[in-house]
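Structure assessment
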Amino acid sequence: MPKANLIPPYGGKLVNLVVTGKEREEQLARASKLPSIKITMRNLCDLELLANGGFSPLTTFMGKADYERVLHEMRLADGTLFPLPITLTADPKELPTVGEDLVLRNANNDVIAIMQLDEVYHWDLETEAALAYGSTDPKHPMVSEMARWGKVCISGPLKVVNMPKYHDFKELRRTPAEVRAALEKMGHDNVVAFQTRNPLHRIHEELTKRAAAEVKGSLIIHPVVGMTKPGDVDHYTRVRIYKALVDNYYDKKSTILSLLPLAMRMAGPKEALLHAIIRRNHGANHFIVGRDHAGPGKDSTGKPFYGPYDAQEIMRQYAVELGVKMIPFEELVYLPDEDRYVEQKDVPPGAKVLNISGTQVRDDYLAKGRLLPEWFTRPETAEILREMYPPRHKQGFCIWFTGLSGSGKSATSEVLTALLLERGREITVLDGDVVRTHLSKGLGFSKEDRDTNILRIGFVAGEIVHAGGAVVCAAISPYRAAREEARKFVGPDNFVMVYMDTPVEICEQRDVKGLYAKARTAMAEGHPMGFTGVDDPYEPPVDPEITLQGYGATPEENARRIVEYLEAQGFLLPQN
């Protein structure tokens with residue numbers, strides 16, 4: 001079969017920033033003598049896609065001219081369509097002088113790249129959030145994350161000396177150049193790519209096969225294994241499923257499975273454009289876009305951040321300029337009497353229809369230890385998911401109390417702990433005052449330090465929950481963005497926020513330590529203490545799982561309400 005004539009990379013050339021041989025050795029020798037910074041997991045994923053050409057035509061983290069025009073017009077400074085900013089933020093105190101070189105290191109302090117520092121410019125969270133993601137709501141995972149970024153963006157030419165090292169699924173971690181080479185051998189000029197961050201079920205299998213048949217070409221199943229939506233199924237489990245399906249149910253002559261180390265932005269329609277650009281760089285000229293593509297869910301008022309078909313609309317608008325044609329993912333349902341899948345709009349009148357939503361998969365099957373039916377998912381998928389996801393009553397969970405000092409958090413958590421121990425759950429308690437003595441000793445009460453304190457509690461809570469334990473956290477946690485980051489550490493399905501909605505006047509009446517009075521006196525004298533509820537704000541949760549009043553009800557009554565909620569959610573089995 002002759003080699004395929006694939007679509008050229010976006011911008012005409014596949015970028016490659018990796019240096020090898022003598023140049024690499026020279027750069028590594030210099031690295032120990034240069035200033036350096038550690039970059040985050042998101043930065044590392046972005047750097048990998050810059051280095052291997054996944055983000056072509058980008059050759060650097062965006063400078064100010066590109067950044068500003070992308071925010072306002074979705075275009076690079078030269079006019080090229082590019083939907084979202086790809087930036088590297090830093091603490092200005094850690095940077096050398098502009099014009100000097102800077103080493104970029106990963107979390108393990110390994111040298112990844114050397115940047116010539118050409119630009120340092122300020123960015124604004126509210127502006128970027130509003131323009132890039134259409135919302136400043138910290139319920140959006142990117143918005144809450146951005147609160148932890150460095151104060152400035154940096155840019156400059158990059159020499160990548162070490163690509164990130166992976167020890168899992170090495171044979172599936174292909175660069176864009178490697179994917180293109182494999183697709184060329186398959187011999188099909190047309191290639192359709194499927195973006196996924198979830199397990200594949202029979203409906204996904206059906207639509208991907210239909211898409212490949214429609215374009216008469218090859219299929220890339222291209223799962224994201226960098227950063228996805230908090231609470232998603234982990235990539236190890238997902239890739240095991242993808243492998244089982246591709247090995248057993250797809251045509252190997254026209255299907256390739258390759259892993260994508262992308263850090264998703266969950267930016268809905270704009271992210272769909274970014275995904276299309278990335279897939280073009282891998283050789284695809286068609287791209288499947290589904291309902292609510294890359295959507296982060298609902299905002300703090302309960303409304304979806306993006307419309308269900310916004311991504312499809314924007315892809316249609318820019319398909320010609322991108323060079324990538326959209327194949328819409330229409331909702332399929334199963335007709336059991338005919339043993340076939342059809343689009344919802346094509347269901348015959350009166351036909352029996354079966355479908356299972358993602359929520360039902362989690363709550364009605366995985367949470368209850370039930371095997372998913374074969375009409376919905378392949379046996380291999382069902383078994384892997386059941387192995388990796390125990391029933392809800394065997395999963396860990398976090399009860400996160402938030403509220404003013406004196407609102408009743410500690411009193412209620414003490415009773416709750418006893419009730420949970422009575423039910424046979426091993427409990428870890430992370431009380432705000434105790435954490436300040438040990439885990440967060442040395443931190444002050446600036447906003448930055450308070451956020452750091454909450455993130456430390458959230459991280460520890462997440463580790464406990466992931467190991468199957470239950471944890472009760474009682475901390476004021478005054479800021480919404482930090483609380484949302486804590487939720488992400490734990491996982492949204494296992495995080496229960498309890499808001500102790502007690503007026504500040506009642507909290508003051510209970511204040512045996514006199515902290516409120518001391519704070520009001522200090523404020524009157526012009527020396528504010530930064531005390532929450534007096535001279536520092538408390539941002540009440542907009543959509544907590546449980547709201548309790550710390551007055552008019554006893555701590556035991558409140559604790560029993562939480563136990564009832566845990567029973568209703570399946571975290572506790574009902575008592576006989």
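The rules we used
- Residues numbered from 1 in each chain as written.
- Predicted model: local features only at pLDDT ≥ 70, side-chain atom pairs only at ≥ 80, totals over all residues.
- Heavy atoms only, no water.
- Phe/Tyr/Trp six-rings, centres within 6.5 Å; stacked < 30°, edge-to-face > 60°.
- Helix = DSSP H or I, 4+ residues; strand = E, 2+ residues; numbered from the N terminus.
- Buried < 20%, exposed > 50% of the residue type's maximum accessible area, 1.4 Å probe, protein only.
- Pairing = 2+ DSSP bridges.
- Axes fitted to C-alpha atoms, helices over the stretch in contact; angles between N-to-C directions.
- Contact = heavy atoms within 4.5 Å.
- Salt bridge = Lys/Arg side-chain N within 4 Å of Asp/Glu carboxyl O.
- Core = buried A, V, L, I, M, F, W, Y, C linked by side-chain atoms within 4.5 Å.

For any pair of aromatic rings, the description rests on two quantities: the centre-to-centre distance and the angle between the ring planes. Within the structure shown, the criterion is met by eleven aromatic pairs. Ring geometry for F397 against F571: centres 5.3 Å apart, planes inclined by 50°, an arrangement best described as tilted. In this pair, F397 is assigned in strand 15 (residues 397-402) and F571 in the segment after helix 19 (555-569), connecting sequence segments 174 residues apart. Take F397 and F571: they sit in the same class, and that class is buried.

Another point: the sheet that holds strand 16 (residues 427-431). Taken in spatial order, the five strands of this open sheet run 16-17-15-18-19, and their pairing is parallel. Across the chains shown, the open sheet's two edge strands, defined by having one partner strand only, are strand 16 and strand 19 (546-548). Going from strand to strand, the sheet's axes swing by 15° on average, the running direction of each strand aside. Seen against the sheet, helix 16 (residues 480-490) touches strand 15 and strand 18 (495-500) and runs at an angle of roughly 150° to strand 18. Strands in contact with helix 19 are strand 15, strand 18 and strand 19; relative to strand 19, the strand with the most contacts, it is inclined by about 170°.

According to the stated counting rule, one finds 32 salt bridges in the structure shown. The shortest N-O distance in the salt bridge between R24 and E25 comes to 3.3 Å. Its relative accessible area of 47% is what places E25 among the partly exposed residues. Between R520 and E508 there is a salt bridge; the shortest N-O distance is 2.7 Å. Separated by twelve residues along the polypeptide, R520 in helix 18 (residues 515-524) and E508 in helix 17 (residues 504-509) bring together distant segments of the chain. Take R520: its relative accessible area is 32%, and that puts it in the partly exposed class. Residues joined by salt bridges that share partners form a network here, namely K139, E484, R487, D543 and E545.

Before going further, it helps to examine helix 16. Across the eleven residues that make up helix 16, a large majority, eight, are buried. Among the residues of helix 16, A481, A482, R483, E484, E485, A486, R487 and V490 are the ones counted as buried. With its phi angle positive at about 110°, G491 sits one or two positions after the end of helix 16.

Bringing the nonpolar core into the picture now. Soluble globular proteins tend to pack their nonpolar side chains together in the buried interior. Counting 80 residues, the largest nonpolar core has L104, I154 and L322 as the members making the most contacts within it. It is helix 9 (residues 269-281) that provides the largest number of residues to this core, a total of six residues. With 37 residues, the next largest nonpolar core counts F169, L245, F376 and I384 among its residues.

Going residue by residue along strand 6 (residues 152-155), you find V152 and I154 tucked away on one face and C153 and S155 tucked away on the opposite face as well. In this sheet, strand 6 lies alongside strand 2 (residues 88-90) in antiparallel orientation, the contact comprising three bridges. Looking at strand 6, one finds that T89 is bridged to C153. Here four bridges tie strand 5 (residues 119-122) to strand 6, and the two strands are oriented antiparallel to one another. The residue of strand 6 that forms the bridge with V120 is I154.

Of the consecutive residues S56 and P57, the connecting peptide bond is found in the cis state with omega at 15°. Along the chain, the position of P57 falls in the loop between helix 2 (41-52) and helix 3 (64-73). Despite not being glycine, D339 has its phi angle at roughly 50°, a positive value. One can find D339 in the loop between strand 13 (332-335) and strand 14 (340-343).

The analysis is restricted to geometry; functional conclusions fall outside its scope.
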